[in-house]
Amino acid sequence: MAEVEETLKRIEAHKGVIGTIVVNAEGIPIRTNLDNSTAVQYAGLLRHLTMLARSTVRDIDPQNDLIVLRIRTKKYEIMVAPENGFLLIVIQNPCE
Amino acid sequence: MRKGSNVQKVPKPTKASSKKKDEEEGVDTGDGWDEWSHGKALTKPADQLELTEAELKEEITRILTANNPHAPQNIVRYSFKERSYKPTSVVDQMAVHFVLEGSLLHQDSDEARRLRAKEEDGGEVEEAGEEDRPDSVASKTDKKEPKLTNQFNFSERASQTLNNPLRERSCQTEPPPRSIFSATANQWEIYDVYVEELQKQEKNKEKQKAIPSKKDNEKSKKKMMLMETQGDDFTKVGKASKIFERMVNQNTFDDIAQDFKYFEDASDEFRDQEGTLLPLWKFQYDKAKRLSVTALCWNNKYQDLFAVGMGSYDFSKQGRGMLVFYSLKNSAFPEYIYPTNSGVLCLHIHEQHSHLIAVGFYDGCVAVYNLKEEGLEPVYKSTAKTGKHTDPVWQVRLENKTEMMGPHRMCLVPATPLLHNCFVSICTIKCKFNGMLDASCPQLVVQRLTFHKQIDYLFLVGTEEGKIHKCSKTYSSQFLETYNAHSMAVDAVKWNPFHPKVFISCSSDWTVKIWDHTINTPMFTFDLNAAVGDVSWSPYSSTVFAAVTTDGTVHVFDLNINKYEAICQQSVVAKKKTKLTHIEFNPIYPIIIVGDDRGYVTSLKLSPNLRKKPKAKKGQELPKGPEVEIAKMEKLLSLLREPEQNAV
C-alpha cells in the first residue's frame, strides 16, 4: 500500500505531470491532485473509452488484454490503465 | 213541509210538537233586526208565508205515522193483465238511515273455516313462540298448507328497486423498483466465463486431492477474504502505477530513449576509426548520495536491469551501504532498494537464477538476496558462527552447476588469504562451508579473483602487491603461476570472454595489461595517465575493452583497429573531481554503465566505430560466432609472438 502511494507521489512530482486520478470500480475518483469536477469528468469519460478499447483488444484475441491506453493530444498526453476494475489516469505534458 | 230555518233557541225536543211550534218557530224566526236588542226575539224569514191570525189559530192535526216521508205515494205500474196503469197500493216504506258493513262471518262458511284455521295456527305460534324459536319455525313449515296458486287470478306483480349507484373502487400498489440492466456478450466475455469455469473445476479437483490440508485452505481463504474486503485499496493499481511511472519517464526523457534505441552517430564515418560515447540516462538515488559505487552488475535475464552496490572506498570512514537496482526504463527511481549495515564491496547476480544476488560487505559478511521475496533482508547472511570473514570481502561469484537442484557454489575472496568454497543450495539457501583453500603465502592480500569460463578449476587472483597468481582449485597449496603484473594493487583481473588464454588486468599504477596466461609477460600494456579503476571486456568482440580512470575518463580500446591507443577517450562526468570506479558492458545493448564515487551511474551509448565487426570480403559470408573472435585475437597474439620470438 505504501509503495503504491510512494510511486503515485513520485509520478505526481515528475516533470510535466499535470495530474493523476485513481478511480474505483464505481467510477468515483478516490485519489487525485486535480480539482474534483475535473477529476469526475475525466473519470466518467475515460471509463467508457477504456472499456471500449479493452473490448476491441479482447474481441480480436480473447487471450489478450489491454494494459495501457495512451492518448496523445495537442496539448498533453493522457494515459489510462484499467486494472482490477480500477482505473489509473495520468495526464502529462511531455514537452515542458 | 219543513223549511229550513235557523233555530237559535233550544233545539226541538220531539216531532210531537204542535203547530205552535211552527209558529213559534216562525215567530221565533221573525225579526232579524231585533236580534241584538232582543235576544229571545223572534226572527222571521223573509219569505215566510204571512197568515192571518185566524188562519194562525186554526188547528191542523198532524198524524205521526211510520211512513217514510220520502217514499213515493203514488207509484203506478203497468199491468199487462189489465193493460193499463194501475196504482200500487203498497209502497215500500223502508228508509235506510245507516248502513255499516260488518266483518262478521258465519262460522260454517268456507272463509270462516279458513280464518279459524289460520287463527289457530297463529295462536299456537304465539303461545309456543317464546319457548323455542327454531322449533316453531319447523312446526310452522310443517303445518304450512301448500301454496295455492290461483290460476285465474294470478297476477304478477313486480317492482323495481332503486339501483344502487355503481361506484368503482380500485387499488394500485407501488410498482416494483425498476433498474435497467444491459450487458454485452462478446467473444471475450464468453471466453472469460469458460476460463473461470475451468479454474473452478481445477480447484475442486485439488480440494478433493488435498483433504487433510483443508483447514489450512480455510484459514488462508479467510485471510484472502479479509484482504479483499478492504475496500478502495490502491494496491489494486500497483502494477499500473509502476508502468505509468515508466511511461512518464519515457515521455520526459523521450529523446534519450529514442537515442538509445535508434541513434547511430553518423559522424563516425568521418572520424577515422575513432568513436564516441553518447551519454544517455543518469541514475542516482537521493539516499545514496554520499556513497560511492563499488560494484556494478548487469542482469542476464532482464537486460535492462542492473545492480549497483554502494559503499565507500575510504577505508578510514566506513558507514552504511546500499544495494540498489535500476532499470533503464525508469531512470528516476530504483526498482529495488536494500539498505545494508556496512558498505557493499562486491556483488554478483546469478547467471541463471537472476533473482539471486550475492553481496560481499566491508565487514566481512556475505549475503545472498532474493529479489522475488518481499522484505529488505537477505535470505542468507553469514554470521560469526557460519564463518564470517574478518576482513572485507572483495569478490563474490555465484556459479552455475549443471544440476539445477544441486548446490551452487559461491566463492568468496576475502582480503585475507583464504578462499572459501561455499555451497549454497537454491532450495533452502543454507550456506555450508565446504573446503577451504588456503593460499599458503602469508603476505598475500587477495583482492581480485576471476574464474575461467570454460576451464572450471582455473582461476586468477590479483593481489594488493601487484602480482597475479594463476591457481587451480585442485592444487590448493600452490600457485600454478605468478605474474609480476603491476607495481601497485591490482584493481581488476578478467578473462577474455572469447579467447581462452587471454586475460586483462588493471591497476592503480596507471596501466592496463593484457596477458596470455601461458606467457609470463604481458602482450599489451597501456598507460592511461591516471589510476585505472576498472577494466572490462566487451561481450560482442574479443578485442574491445573499456577502462575507467580516476580522472573521469572512459577509454575504449579495440585491438583490432588500433593496438597502441584507445579509439575513444571521453570524459563522462560533469565535475572533474569525481572518480570513476566501475564499468560494465550491457550483454546485448550497445551501452555501458559507469559508476563513480559520488553515487551516480551514467549510461553511455557506444558509437558504431566502437562496435565494429570484421568486414566481410566480397563473396564471403560474414562469419559469426565466438570462433571468429578467438581467431581474431589469436591473429593479434600471433603477430606479437612472432616478433618476440624473433627478438629472442
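Residues numbered from 1 in each chain as written. Chains lettered and ligands numbered in written order. Predicted model: local features only at pLDDT ≥ 70, side-chain atom pairs only at ≥ 80, totals over all residues. Heavy atoms only, no water.

### Notes on the pairing of strand β21 (residues 502–507) of chain B
All names here are of chain B.
Then, in step 1: Most of β21 sits inside the fold, with 6 of its 6 residues counted as buried.
Then, in step 2: In β21, alternate side chains face the same way, and those of V502, I504 and C506 on one face and F503, S505 and S507 on the other are all buried.
Then, in step 3: The turn joining strand β20 (residues 490–495) and β21, which pair antiparallel and follow one another in sequence, is formed by 6 residues.
Then, in step 4: Pairing geometry for β21 and strand β22 (residues 511–516), over 5 bridges, is antiparallel. Counted as the bridge partner of S505 is K513 from β22.
Then, in step 5: Adjacent in sequence and paired antiparallel, β21 and β22 are bridged by 3 residues, among which W510 carries a positive phi angle near 70°. (Buried < 20%, exposed > 50% of the residue type's maximum accessible area, 1.4 Å probe, protein only. Helix = DSSP H or I, 4+ residues; strand = E, 2+ residues; numbered from the N terminus. Pairing = 2+ DSSP bridges.)

### Structural notes on a nonpolar patch on the surface
Then, in step 1: Among the surface-exposed residues, V76(B), Y78(B), F80(B) and Y85(B) lie close enough to one another that they form a single nonpolar patch of about 490 Å² accessible area.
Then, in step 2: Mapped onto the elements of the fold, V76(B) is located in strand β1 (residues 76–79). (Patch = residues over 30% accessible without salt bridge, like charges linked within 9 Å, V, L, I, M, F, W, Y side chains within 5 Å. Areas by Shrake-Rupley, 256 points an atom, 1.4 Å probe, with all protein chains shown as cover. Salt bridge = Lys/Arg side-chain N within 4 Å of Asp/Glu carboxyl O.)

### Some details on the sheet that holds strand β28 (residues 580–585) of chain B
All names here are of chain B.
Then, in step 1: Reading across from one edge, β3-β30-β29-β28 is the order of the 4 strands in this open sheet, with antiparallel pairing throughout. Unpaired on one side and paired on the other, β3 (277–283) and β28 mark the two borders of the sheet. Each strand axis lies, on average, 25° off the axis of its neighbour in the sheet, ignoring direction.
Then, in step 2: In terms of strand pairing, β3 meets strand β30 (residues 601–606) through 5 bridges, oriented antiparallel. Bridging from a neighbouring strand, L277 pairs with L606 of β30.
Then, in step 3: Packing against the sheet, helix α8 (residues 254–262) makes contact with β3, β29 (591–596) and β30, and its axis sits at approximately 130° to β3. (Axes fitted to C-alpha atoms, helices over the stretch in contact; angles between N-to-C directions. Contact = heavy atoms within 4.5 Å.)

### What about the nonpolar core?
Residue and element names in this part refer to chain B.
Then, in step 1: The biggest cluster of nonpolar side chains holds 23 residues, and the ones touching the most others in it are W281, F306, V308, L328 and V601.
Then, in step 2: Looking at this core, the elements with two or more residues in it are α8, β3, β4 (292–298), β5 (305–311), β6 (321–327) and β29.
Then, in step 3: Those residues in contact with W281, other than ones at most four positions away along the chain, are F253, I256, A257, F260, L328, S331, V601, T602 and S603.
Then, in step 4: Among the nonpolar cores identified, the runner-up in size contains 21 residues, and C506, V512, I514 and V532 belong to it. (Core = buried A, V, L, I, M, F, W, Y, C linked by side-chain atoms within 4.5 Å.)

### Topic: the sheet that holds strand β26 (residues 553–558) of chain B
All names here are of chain B.
Then, in step 1: Pairing within the open sheet is antiparallel, and its 4 strands lie in the order β24-β25-β26-β27. Pairing within the sheet leaves two strands with one partner each, and these edge strands are β24 (532–537) and β27 (568–571). Between one strand axis and the next, the sheet turns by 15° as a mean value, whatever way the strands run.
Then, in step 2: As judged from the 4 bridges shared by β26 and β27, these two strands associate in the antiparallel manner. By the bridge assignment, T553 is partnered in β27 with S571.

### A look at helix α2 (residues 36–60) of chain A
Then, in step 1: For α2(A), spanning 25 residues, the distance from its first C-alpha to its last is 36 Å, which sits close to the expected 36 Å at 1.5 Å a residue.
Then, in step 2: Of the residues making up α2(A), those classed as buried are A39(A), Y42(A), A43(A), L46(A), T50(A), A53(A), S55(A) and R58(A).
Then, in step 3: Taken together, the buried residues of α2(A) touch β1 (17–23), β2 (29–32), β3 (69–72), β4 (77–83) and β5 (86–92) of chain A together with α5 (187–209) of chain B. (Expected span 1.5 Å × (residues − 1).)

### Looking at the packing of α2(A) against α5(B)
Then, in step 1: For the pair α2(A) and α5(B), interaxial distance at closest approach is 8 Å and the crossing angle is 75°. As far as their axial angle goes, α5(B) and α2(A) are roughly perpendicular. Here S55(A), R58(A) and D59(A) of α2(A) come into contact with α5(B), specifically with Q187(B), W188(B), Y191(B) and D192(B).
Then, in step 2: Its residues assigned to classes, the contact of α2(A) with α5(B) comprises 2 nonpolar, 2 polar and 3 charged. (Parallel < 35°, antiparallel > 145°, perpendicular 65-115°, else oblique. Nonpolar A, V, L, I, M, F, W, Y, C, P; charged D, E, K, R; others polar.)

### Some points on the UniProt feature "repeat: WD" (unreviewed entry) in chain B
Then, in step 1: Sequence positions flagged by UniProt for "repeat: WD" (unreviewed entry) are, in local numbering, residues 483–516 of chain B.
Then, in step 2: Secondary structure across residues 483–516 of chain B divides into 0% helix and 59% strand, with the first and last C-alpha atoms of the span separated by 11 Å. (UniProt positions renumbered as here; feature names shortened; annotations may be inferred.)

### Structural notes on the packing of aromatic side chains
The geometry of an aromatic ring pair comes down to the distance between the two centres and the angle between the two planes.
All names here are of chain B.
Then, in step 1: Following the criterion strictly, the structure yields 22 aromatic pairs over all chains and no others.
Then, in step 2: Between the aromatic rings of F503 and W515, the centroid separation amounts to 6.0 Å while the plane-to-plane angle is 10°, which identifies the pairing as stacked. With F503 in strand β21 and W515 in strand β22, this residue pair connects regions lying 12 residues apart in the sequence.
Then, in step 3: Look at Y540 and F585: their rings are 6.2 Å apart centre to centre, the planes differ by 75°, and that puts the pair in the edge-to-face class. Of this pair, Y540 sits in the loop between β24 and β25 (544–549) while F585 sits in strand β28, and the two are 45 residues apart along the sequence. As far as the burial class goes, Y540 and F585 line up, both buried. (Phe/Tyr/Trp six-rings, centres within 6.5 Å; stacked < 30°, edge-to-face > 60°.)

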